[in-house]
Amino acid sequence: MVRRVAVVGAGAGGLASVKCCLDEGLEPTCFESSEDIGGVWRYTDSRDIGRVSVYRSVITNTSKEMSCFSDFPFPEDFPSYLPHSLVLEYLRMYARHFDLLRHIRFQTTVLSVRKRPNFTASGQWEVVTETDGVLEYHIFDAVMVCTGHYQEPYLPLASFPGIESRFKGQQLHSREYRDVEAFRGKRVLVIGIGNTGGDLSVELSRVAAKVFLSIRSNTWVISRVSKHGFPFDMVGTTRFNHLLEWLLPSALTRRIKFRKFNSWFNHTNYGLASSKSPKFKMIINEELPFCLLSGTVVLKPNVKEFTESSAVFEDGTTEENIDVVLFATGYNFSFPFLEESVRSAIDDNRSLYKCIFPPQLEKPTLAIIGLIQLTGSIMVGSEMQARWVTGVFAGWNKLPSPSRMMSEVLKSKPPVKRNPSERENLKMSFISYMDKISACAGVKPSVLKLLLTDPQLALAIFFGPCSPYQYRLVGRGRWSGARAAILTQWQRMLKPLRTRVVADSSNSSSGWCWMGLLALPAALTAGFLFSKYRQPGWSPWASPQL
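Residues numbered from 1 in each chain as written. Predicted model: local features only at pLDDT ≥ 70, side-chain atom pairs only at ≥ 80, totals over all residues. Heavy atoms only, no water.

1. A word on the overall build of the chain
Move 1: Scanning the chain from terminus to terminus reveals 19 helices and 20 strands.
Move 2: Counting only residues that meet the buried cut, the chain has 53% of its 546 residues in that class.
Move 3: For the chain, contacts bridging at least 24 residues in sequence account for 70% of all contacts bridging at least 6.
Move 4: By element, 54% of the accessible surface of the chain is carried by carbon and sulfur atoms, the whole surface being about 25,100 Å². (Helix = DSSP H or I, 4+ residues; strand = E, 2+ residues; numbered from the N terminus. Buried < 20%, exposed > 50% of the residue type's maximum accessible area, 1.4 Å probe, protein only. Contact = heavy atoms within 4.5 Å. Areas by Shrake-Rupley, 256 points an atom, 1.4 Å probe, with all protein chains shown as cover.)

2. Structural notes on the sheet that holds strand β17 (residues 318-319)
Move 1: In space, the three strands of this open sheet follow the order β15-β16-β17, with antiparallel pairing throughout. In the strand order of this sheet, the two ends are held by β15 (303-306) and β17, each with one partner.
Move 2: When strand β16 (residues 311-313) meets β17, the two strands line up antiparallel, connected through two bridges. Looking across to β17, one finds that A311 is bridged to E319. (Pairing = 2+ DSSP bridges.)

3. Looking at a nonpolar patch on the surface
Move 1: Together, L111, L135 and Y137 make up a nonpolar patch on the protein surface, roughly 340 Å² of accessible area in all.
Move 2: Along the chain, Y137 falls in strand β6 (residues 134-140). (Patch = residues over 30% accessible without salt bridge, like charges linked within 9 Å, V, L, I, M, F, W, Y side chains within 5 Å. Salt bridge = Lys/Arg side-chain N within 4 Å of Asp/Glu carboxyl O.)

4. Some thoughts on the sheet that holds strand β18 (residues 324-327)
Move 1: If you walk across this open sheet you meet the five strands as β9-β18-β10-β11-β14, and the pairing is parallel. Both outer strands of the open sheet, β9 (170-173) and β14 (297-300), are each paired with one neighbouring strand and no more. Neighbour-to-neighbour, the strand axes of this sheet turn through a mean angle of 20 degrees, independent of strand direction.
Move 2: Two elements, β9 and β18, share four bridges in a ladder whose sense is parallel. Bridge pairing in β18 links L172 to L326. (Axes fitted to C-alpha atoms, helices over the stretch in contact; angles between N-to-C directions.)

5. Considering empty space enclosed by the protein
Move 1: Under the counting rule described, the total for this entry stands at four cavities of 30 Å³ or more.
Move 2: The calculated volume of the second largest cavity comes to roughly 40 Å³.
Move 3: Lining the second largest cavity are T62, M66, D233, T237, T375, G376, S377 and F430.
Move 4: The residue makeup of the lining of the second largest cavity, split by class, is two nonpolar, five polar and one charged. (1 Å grid on protein atoms, 1.4 Å probe; cavity = no way out; pocket = protein on both sides within 12 Å on 5 of 7 lines; lining within 4 Å. Points joined across faces, edges and corners; volume = space filled by probe spheres on them. Nonpolar A, V, L, I, M, F, W, Y, C, P; charged D, E, K, R; others polar.)

6. Things to note about the nonpolar core
Move 1: Ranked by internal contacts, the top residues of the largest apolar core, which has 75 residues, are V5, F69, Y90, M144, F357, W388 and F393.
Move 2: Per-element tally for this core: the top contributor is helix α11 (residues 378-394), with eight residues.
Move 3: The contacts of W388, once residues within four sequence positions are left out, are Y353, K354, I356, F357, N397, L399, I437, C440 and A441.
Move 4: Core analysis: the second largest hydrophobic core is formed by 31 residues, V54, A208, L213 and L326 among them. (Core = buried A, V, L, I, M, F, W, Y, C linked by side-chain atoms within 4.5 Å.)

7. Focus: helix α8 (residues 250-262)
At 3.6 residues per turn, the α-helix brings residues three or four places apart onto the same side.
Move 1: Look at α8: 18 Å from first C-alpha to last across 13 residues, which is about the 18 Å you get at 1.5 Å a residue.
Move 2: Residues of α8 that are buried: S250, T253, R254, K257, F258 and F261. The arc that holds the buried residues of α8, viewed along the axis, is 130 degrees, so those residues lie on one side. Counted as exposed and oriented over 90 degrees from the buried face of α8: R255 and R259. (Expected span 1.5 Å × (residues − 1). Arc of directions from axis to C-beta.)

8. Section: the environment of F265
Move 1: Structurally, F265 can be placed in the loop between α8 and β13 (281-284).
Move 2: Residues F265 and I222, 43 residues apart in the sequence, show an inter-C-alpha distance of 9.7 Å.
Move 3: Beyond its immediate chain neighbours, meaning those up to four positions away, F265 contacts V221, Y270, L272 and P289.

9. Quick word on unusual backbone geometry
Move 1: A positive phi angle is found at D99, which is not glycine, with a value near 55 degrees.
Move 2: As for its position among the elements, D99 is in the loop between α3 (84-97) and β3 (104-105).

10. Quick word on the packing of aromatic side chains
Move 1: Taken as a whole and judged by the stated rule, the model has 30 aromatic pairs.
Move 2: Between F31 and F140, the ring centres sit 5.9 Å apart and the planes meet at 80 degrees, which makes this aromatic pair edge-to-face. Within this pair, whereas F31 is found in strand β2 (residues 27-31), its partner F140 is found in strand β6, the two being separated by 109 residues in sequence. For the pair formed by F31 and F140, the shared burial category is buried.
Move 3: Their ring planes at 10 degrees and their centres at 4.7 Å tell us that W220 and F258 sit as a pair that is stacked. (Phe/Tyr/Trp six-rings, centres within 6.5 Å; stacked < 30°, edge-to-face > 60°.)

11. Quick notes on the pairing of strand β7 (residues 142-145)
The side chains of a regular strand alternate between the sheet's two faces.
Move 1: Side chains of β7 alternate between two faces, with A142 and M144 and V143 and V145 buried alike.
Move 2: Relative to β7, strand β1 (residues 4-8) is paired through four bridges, and the arrangement is parallel. In the strand pairing of β7, A6 is matched with V143.
Move 3: The pairing of β7 with strand β20 (residues 366-368) spans three bridges and is classified as parallel.

12. What to know about the packing of α11 against helix α14 (residues 430-441)
Move 1: Where α11 meets α14, the closest approach of the two axes is 9 Å, and the angle between their N-to-C directions is 15 degrees. Classed by the angle they form, the pair α11 and α14 counts as roughly parallel. The crossing of α11 and α14 is left-handed. Mapping the contact onto sequence places V380, G381, M384, Q385 and W388 in α11 and F430, Y433, M434, I437, S438, C440 and A441 in α14.
Move 2: Per-class residue counts for the contact of α11 with α14 are nine nonpolar, three polar and no charged. (Parallel < 35°, antiparallel > 145°, perpendicular 65-115°, else oblique. Left-handed = near helix turned anticlockwise from the far one by under 90°.)

13. Section: the pattern of salt bridges
Move 1: Summed over the entire model, instances satisfying the criterion amount to 27 salt bridges.
Move 2: Across the pair R476 and E24 runs a salt bridge, and its minimum N-O distance is 2.7 Å. With R476 in the loop between α16 (455-463) and α17 (482-487) and E24 in the loop between α1 (12-23) and β2, this residue pair connects regions lying 452 residues apart in the sequence.
Move 3: On the accessibility criterion, E24 (17% relative accessible area) is buried.
Move 4: Among the salt bridges present, the one from E383 reaches R472, with a minimum N-O distance of 3.3 Å. Of this pair, E383 sits in helix α11 while R472 sits in the loop between α16 and α17, placing them 89 residues apart in sequence. The residues E383 and R472 share a single accessibility class, namely buried.

14. Section: the side chain of N349
Move 1: Along the polypeptide, N349 turns up in the loop between α10 (340-343) and β20.
Move 2: N349 sits in the buried class, given a relative accessible area of 13%.
Move 3: If we skip the residues at most four places from it in the chain, N349 touches C355, L371, I372, Q373 and M428.

Shown next, in the form of structure tokens:
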């Protein structure tokens, strides 16, 4: 019987885990090595090697309505896309509202988490912590690891001959980056084009003498601002779109996506991506295309080698007088405090059952929270994981046998270990993963049932954004405010924009409502029939995910 739960880390995932433990009547103790909550969202000028922080100018890539905890919306006057300061403020509000701080021990580092000798029977863990040089020994019935995947910088220096032996300029990882001042007037080479590489290239282009961006993968660039000025994820992340993507052949799905991406600008002309390649990644950046068009950022292929002051690229070109090489090559995750038998079995999240539970354990009392790559908010995914996990600990939700979990893991586990840039291509569909975990937790909404009992809500859920509130409509943890939150999410999105109101006579919402009401049964019927008669094993998810 699980009662006492250790939570490692007080970032977004750790706070959600503490709250979910309390919801289930468990007794959480959260250990946070720093002096405050927030994890990576707590910006600091310090480059302390033991802590990862966002850079000063960072803005969220997912909008507030798609990023909030499922029973605690962002304040309506917050903008749709948030700087780190407002994300941290929101996390503080969440912690105060649910009285979480009294369960957190700050400046306490977890040194080891090991099975007790009678683990096979008890499932208990021995946890050793350090506070101000004083060691403490604890016994917990379960452990939730919430340290995320932004932990150790991934620096593939061996892939760049000469970077260590010949290059005389400065080299650093994006983890050390805080703002532009140290790069003013310099010639900078950024390696890697994830969201961070794109952001830093744009920001540096305002003060650097020249910025070169070296990439090796097909990359599609999209804007946070969708058609008619709405947030991209609120428009695109819908159950209707998800159903269409599931129904259509993967090749056709890719063609539709590529055509949509190219409707903004032709990615082939810019050297970013070709629609002929089935492998691709997607980044969010509104300014990068203009920087490329204006020449303040120059796109280059992969680096072949470095000399004392220059970079030689695989296409034979050379850029001289490089002052700084900035690696935006991602992070490796690690759990140094876990005992070796557990730690060594975790290659990536696909080594875990549902990306959460180590399947080889005799008792499912260890959960890894937040080690996921989603096409939507990781914060939302982490909360859903925590809800299911605490339900398992409390005895409400059941897991398969260890052998069955191991069998499922082996089916999905990649044959070789991937580096962080390759793991980007393994992103899972936000809706698919959320629905899978919510079904395990017994909180997945049924659009068909709602269509009979609450058609207005059913339409909003199916055609509107798949926002976190949907997962508070039914089951344990049901929130009475979920329906209202769903039906008013567009108003909250628009509220911070209403600083100057202009007249608008257009009002077509009622027409769209009736069209949606007619289309919903047809869409659901098509999905049912197609799932019944489609070929076994076929799925559009076999294609690389965004």
